[in-house]
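Fold and geometry: a report
Chain residues, written in single-letter form:
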Amino acid sequence: MSDNSAIADGVLENAHDEHPAHLRHHFHDVEQQADASNFAMWLFLLTEVMFFGGLFTAYLIYRNWYYPAFVSASHQLSIPLGGFNTLLLITSSFTMAMGVWCAETRRKSGLVLCLILTFILGLGFLGIKSIEYSEKIEKHHVPGFHYSLNSFLDPDSDAAAKAAGDKPLPLDVARHTELYFSLYFAMTGMHALHMIIGIGILGFMIFRASAGAYTGGHITFVENFGLYWHFVDIIWIFLFPLLYLISRH
Amino acid sequence: MSDTIVSLPDQSTARIPKMNYLSKENGLLSWLLTGDHKRIGILYLISITFFFFIGGALAGLIRLELLTPQSDLMATDTYNKVFTMHGVVMIFLFLVPSVPATLGNFFLPMMIGAKDLALPKVNLLSWYLYMIGGILVLVTMITGGVDTGWTFTTPLSTHYVNTNVLSTGLAVFIAGFSSIFTGLNFIVTIHKMRAPGMTWFRLPLFVWAHYAASILMVLGTPVLAIAIVLLALERTIGIGVFDPAKGGDPLLFQHLFWFYSHPAVYIMILPGMGVISDVISTFSRKRVFGYTAVAFSSVAIAVFGFFVWAHHMFIMGVSNYAVLVFSLLTMLVAVPSAIKIFNWTFTLYKGSITFETPMLYAFGFMGLFTIGGLTGVFLGTSGTDIHLTETYFIVAHFHFVMVGGMLMAFLSGIHFWWPKMTGRMYPEKISQLAAVVTFIGFNFTFFPQFILGTLGMPRRYASYPAEFQILNVFSTAGATILGVGYLLPVLYLTWSLKYGAIAGDNPWQATGLEWQTQSPPLTENFVEMPIMDHEAYDYEWLERKNLEKQKEVASVG
Amino acid sequence: MDHISPAIWQFLVKWMTNFALFPPEASTIAPQMDALLFFMVLVSLIGLTIVVLLITAFSILYSKRRHPVAAQIEGSTLLEATWTIIPLGLFLVMFVWGALIYFRVFTPPANAMNIYVVGKQWMWKAEHPGGQHEINALHVPAGRAVQLTMISQDVFHSFSIPAFRVKREAIPGRYTTVWFQATTPGTYHLFCTQYCGTAHSAMVGDIVVLTPEDYRKWLAESTSGASLAQNGERLFASLSCAACHNTRPDARGPSLANVYGAKLALTSGQSVTVDDAYLREAILNPSEHITQGYAPIMPTYQGQISEEGIIALIEYIKNLNSDYRIQQTTNTTDMLPESVGKAAPAGQKPAVQAPAAQGTVKQ
């Protein structure tokens, strides 16, 4: 542990040129500071795992109980769109990782470029997501007041259901498709919220990066944000097969 | 031989040190924008006390209503709101943050030899989130309250009440993040910022207890958050996850809710246990008996605490086999607490014991927590839980552990560290009186409730069969005494800020690192980085240090 | 309980109930539960006494005045082991004992008579198979096992009889059961113990335990004229269940004669035992409960039938011992006018069978 090996200096660091400007005074040295904030970020991601974990648990239980309904409901999702989104997100993780590398190797323009690419890819993801959502809204697949069972009672009336070759569901089974969409919106909505926050921070980072804030040796912020971004990506990598690929082996 | 360990400096010449964390900067903004963990601890102390008295007033209303068997003091709907808000305020705005956010924030960095917590800005954010949550709760109360019970049971809370469920849920959600960030901060600090020589097994047990509680805060609270989100969606949009008509299961909410709310009770009690370790050690002048056992039992409680949540659901229709598993695990989680009680008891063995106020509260804790904890075993045993659950037995059980246990530990800690935080001593005689009054009042209030519970009186009842009245009257009478016991500290502690004796660095001659600096401490805690070269609770080290100091003074003179 | 002399036991119980520390023991399980409670109180008292005695003794013997120098003791592995193992052992004894009682309370005997309870804000409705309906009251005979099959119409409620030491939640969406055997005639408290809204404290009632004689009298004078099964039969007809569930060779649904308690193979391959819960699910979510060999064409009745209606149907199906019985129902259906929902007048069906026929409708 870095703290045990810290030197017993004994003197207050009041000479500001003895340490980098970004070192906070309650840390001995930059290593301890970076180590601590990195650890904090991992811990925070652990809380996020617990947060999404509740949703995943609910989803797994209901999918187990109402499998046929969930299968039919999942046919309403577009695999091409979802797959493309997955590609976008994985690529954005790559550009983010490249960004961290640029920060480490003090490549300012490289970092800015990578951040901008990540930003654009993230926006692309959200754009496609909003297309998917608006489709759901049009078809009355948003749970609640206006939820419509028509696509499941009469698959021929619905292009997606027809394409998947769905049979009409009995009413009691069709009712359970609403649960699928509840969890779909809750899970992808939570995920999208995290993406929006991430993109917001990315915007802030692009400005700071072009001012050279992260290429002067103090890369903790970029590193930690990278962790966050990868986490959001990993959540999606779980969401995609669970929600979109239920019956496709 | 004197019967006190209090060693104050010469009051005729003693002064509060000019430079300290309180005098460093002045003005409201220096407090509202502070990064100093000690100032944040004080901010929390003030706000927590405020919410405690709101919760206490609500408790007073409950006991007043229950003086008579009929629902005659207030409308039943109002009573339902009163007990709901009492629970929400006391649990989320008082008990959960009580010791960690005040004493933990103030002393954790000092105890490990650090200058501050790892993330001071996040610490300040925690306080603001807490305040926002608290203010939202107040707004909820004023605009009509909520009457679902603090447990927000669905489908009652989603489809059958018209009260402010959403705003309360939001308030709890926000306050939950305050808790998560505090826990996160503590874990990072303990891992990464210990002074040289401060190995894990030299840490004060207060730190171990906070570490265990922080694990629970960090891992458990997010599940409450998601339960509240789903509750809100169910209530507003009707997504159906908890609605049987749509295929959902109301029991899912129970699982999600109790997955947090059971560890929450350990979040509430563990820091208090940490206080007790330090207090008993100091006032027996002895290292804690079985240090390693106490440290590990804190972590064991945290780990096991995650696997027992369904013991709140034994009669809700979960399978018999699930009941078996959870009951067994509940027995396991009870054992570490027993270990601690015995270790504290044996810390007294061959010690040199004095009975200052913190010690009196600690004794109260040990007796009352033992009763509360044992009655927990009554409830964790599936068979007897059938008869006792959902009655006043439960109410008595959790008040014994939370009020008789946690609140006593909180008061013990406040008195113990008051000299360090303020530089002043509290008045000893009246504080000892308050401790005794609290103990008596507490027993009168809550012991009759065990009997009410075994007789079958249900909880959350505004009216009850007449045969239960005498015990209820006892309970209310006790509550009045208890109220006095809690009011006194507010009065004399405030008084002591101006008129209390000057405490000096180490009035208790305690061994923690926080006691080796001035009172009140400097903003940066230590002038020189401390090096930990002795074990925890090492009174021999303290003796040697004092002798050296005396020799220095003598040689200089 | 067998180890304590009955005289001492009686004395303890009388003393306890007279001093109102325990509710009266009025069921067979109550003394068993009280025995465990006594044990726990005893263990707790001993444990508490040990702790308090030790604290007091140490505080006196080792006060600063008496014992100015503290001995720095690290610990004792032996003591740690002792106070880990002994409490754990005691807790495990309680666990096993309690688990036995728990299983006993929630595993009804096969010969238990069934009473249905529907909870709603803010009353308890008890439905006896013989057609007696009670609100906020429950009459039961002493000396017979009684099973309660409960469900809620809205929110969580909890049916609590302190004198019997039984309690179980009534939740929406599924049946929960509890059973007891009352021992002493008398009137005892019934409480709702799960907070359910405004009038939660008013959702109380009386459990009236009657001697078998008095119970028979009560049954006779409280009947509403039609048993639950008869009501069920009317519903069966009016909801057109008989259109598929009949005895014709080309019937689209399985015959329900003797189906209650039988093992059924479903189209999913699962094998289920037909009980109350299954029947309720089959009526509300039929598509997942199709008997093997039949097409999944049964429509769902969710939203069209109340909990009481489902209970009536279940009682009817429980008592369906033979195809003849179903035929009777079918004939009644055929006699129904075309307008939906109009039940056959009670007089048209024989209440008691001709002696030679099988399949008496149980009252």
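Residues numbered from 1 in each chain as written. Chains lettered and ligands numbered in written order. Predicted model: local features only at pLDDT ≥ 70, side-chain atom pairs only at ≥ 80, totals over all residues.

This paragraph deals with the overall build of chain C. Scanning chain C from N- to C-terminus turns up 8 helices and 12 strands. Classification of the 363 residues of chain C by burial places 39% in the buried group. Partitioning the contacts of chain C with sequence separation of at least 6, the portion at a separation of at least 24 is 71%. (Helix = DSSP H or I, 4+ residues; strand = E, 2+ residues; numbered from the N terminus. Buried ≥ 20, exposed ≤ 12 C-beta atoms within 10 Å, placed from the backbone. Contact = placed C-beta atoms within 7 Å.)

In terms of regular secondary structure, chain B is built from 17 helices and 0 strands. The C-alpha atoms of chain B give 24 Å as radius of gyration, which agrees with the globular expectation for 557 residues (24 Å, within 12%). The principal-axis extents of the C-alpha atoms in chain B amount to approximately 85 × 45 × 45 Å. Put simply, chain B has 557 residues, and 67% of those count as buried. (Rg over C-alpha atoms; globule rule 2.2 N^0.38 Å.)

Counting residues at the interface gives 77 residues for chain C and 80 residues for chain B. Going through the elements one at a time, α2 (29-61), α3 (77-106), β6 (157-161), β7 (166-170) and β9 (186-192) of chain C are the ones with two or more residues in the side of chain C that touches chain B. Counting residues per element, the side of chain C that touches chain B draws most heavily on α3(C), at 19 residues. Split into classes, the residues belonging to the side of chain C that touches chain B amount to 46 nonpolar, 21 polar and 10 charged. (Nonpolar A, V, L, I, M, F, W, Y, C, P; charged D, E, K, R; others polar.)

Time to look at the sheet that holds strand β8 (residues 176-181) of chain C. Residues and elements named next belong to chain C. Read across the open sheet, the 5 strands follow the order β3-β2-β1-β5-β8; overall the sheet is mixed. Single-partner strands in this sheet number two, and they are β3 (133-135) and β8. Taken pair by pair, the neighbouring strands of this sheet meet at an average axis angle of 25°, ignoring direction. Inspection of the sheet shows strand β5 (residues 145-152) paired to β8 by 6 bridges, in the antiparallel sense. Across the sheet, T149 pairs through a bridge with T177, a residue of β8. (Pairing = 2+ DSSP bridges. Axes fitted to C-alpha atoms, helices over the stretch in contact; angles between N-to-C directions.)

Here we come to the interface of chain A and chain B. Interfaces are often sized by the amount of accessible area the parts lose when they come together. Each partner contributes to the interface: chain A provides 33 residues, whereas chain B provides 37 residues. Sorting the residues of the side of chain A that touches chain B by element identifies α1 (30-65) and α8 (177-210) of chain A as the ones contributing at least two each. The greatest single-element share of the side of chain A that touches chain B, amounting to 15 residues, is contributed by α1(A). A class-by-class count of the residues in the side of chain A that touches chain B yields 18 nonpolar, 10 polar and 5 charged.

Okay, the environment of C:G186 next. Residue and element names in this part refer to chain C. Note on placement: G186 falls in strand β9. C-beta crowding within 10 Å serves as the criterion here: with 14 such atoms nearby, G186 is assigned to the partly exposed category. When the C-alpha positions of G186 and V93 are compared, they lie 34 Å apart, and in sequence the two are 93 residues distant.

As a further point, take α2(C). With 33 residues, α2(C) ought to run about 48 Å at 1.5 Å a step, and its terminal C-alpha atoms sit 47 Å apart, in line with that. Among the residues making up α2(C), those that are buried are C:I29, C:A30, C:M33, C:D34, C:L36, C:L37, C:M40, C:G47, C:V51, C:I55 and C:F58. As for α2(C), its buried residues are in contact with α11 (320-348), α12 (357-380) and α13 (382-388) of chain B together with α3, β7 and β8 of chain C. (Expected span 1.5 Å × (residues − 1).)

The terminal C-alpha atoms of α8(A) lie 48 Å apart, and with 34 residues this matches the ideal 50 Å at 1.5 Å per residue to within 8%. Among the residues trailing α8(A), A:G212 stands out with phi positive, at a value near 85°.

A few words on the packing of helix α8 (residues 205-236) of chain B against helix α10 (residues 291-305) of chain B. All names here are of chain B. Relative orientation of the contacting elements α8 and α10 amounts to 10°, with a least axis distance of 9 Å. The angle between α8 and α10 falls in the class roughly parallel. Residue-level contacts link L205, W208, A209, A212, I215 and L216 of α8 to Y291, V294, A295, S298, V299, I301, A302 and G305 of α10. Here the residues of the contact of α8 with α10 are counted per class, giving 12 nonpolar, 2 polar and no charged. (Parallel < 35°, antiparallel > 145°, perpendicular 65-115°, else oblique.)

All names here are of chain C. Among the 5 residues that make up β6, 5 are buried, leaving the element largely enclosed by the rest of the structure. Where burial is concerned, the two faces of β6 agree: the one with H157, F159 and I161 and the one with S158 and S160 are both buried. The sheet contact formed by β6 and β7 spans 5 bridges and is antiparallel. Among the inter-strand pairings, H157 is bridged to a residue of β7, identified as A170. In sequence, β6 turns back onto β7 through a hairpin of 4 residues, with R165 there showing a positive phi of about 65°. Direction of pairing for β6 relative to β9: antiparallel, over a ladder of 2 bridges.

Bringing the sheet that holds β9(C) into the picture now. Residues and elements named next belong to chain C. Reading across from one edge, β4-β10-β9-β6-β7 is the order of the 5 strands in this open sheet, with mixed pairing throughout. The outermost strands of the open sheet, each flanked by one partner alone, are β4 (137-141) and β7. Each strand axis lies, on average, 20° off the axis of its neighbour in the sheet, ignoring direction. Against the sheet, helix α4 (residues 212-222) makes contact with β4 and β10 (205-210), and its axis sits at roughly 130° relative to β4, the strand it touches most.

Residue and element names in this part refer to chain C. Chain-level pLDDT for chain C is 86 on average; 88% of the residues reach the 70-or-more range. Ranking the elements of chain C by mean pLDDT puts helix α8 (residues 323-335) last, at 69, and β6 first, at 97. Confidence drops under a pLDDT of 50 for residues 338-363, and excluding neighbours within four residues, the segment shows 37 contacts in the predicted structure. Scoring of the predicted complex yields 0.91 for pTM and 0.93 for ipTM. (pLDDT = per-residue confidence, 0-100.)

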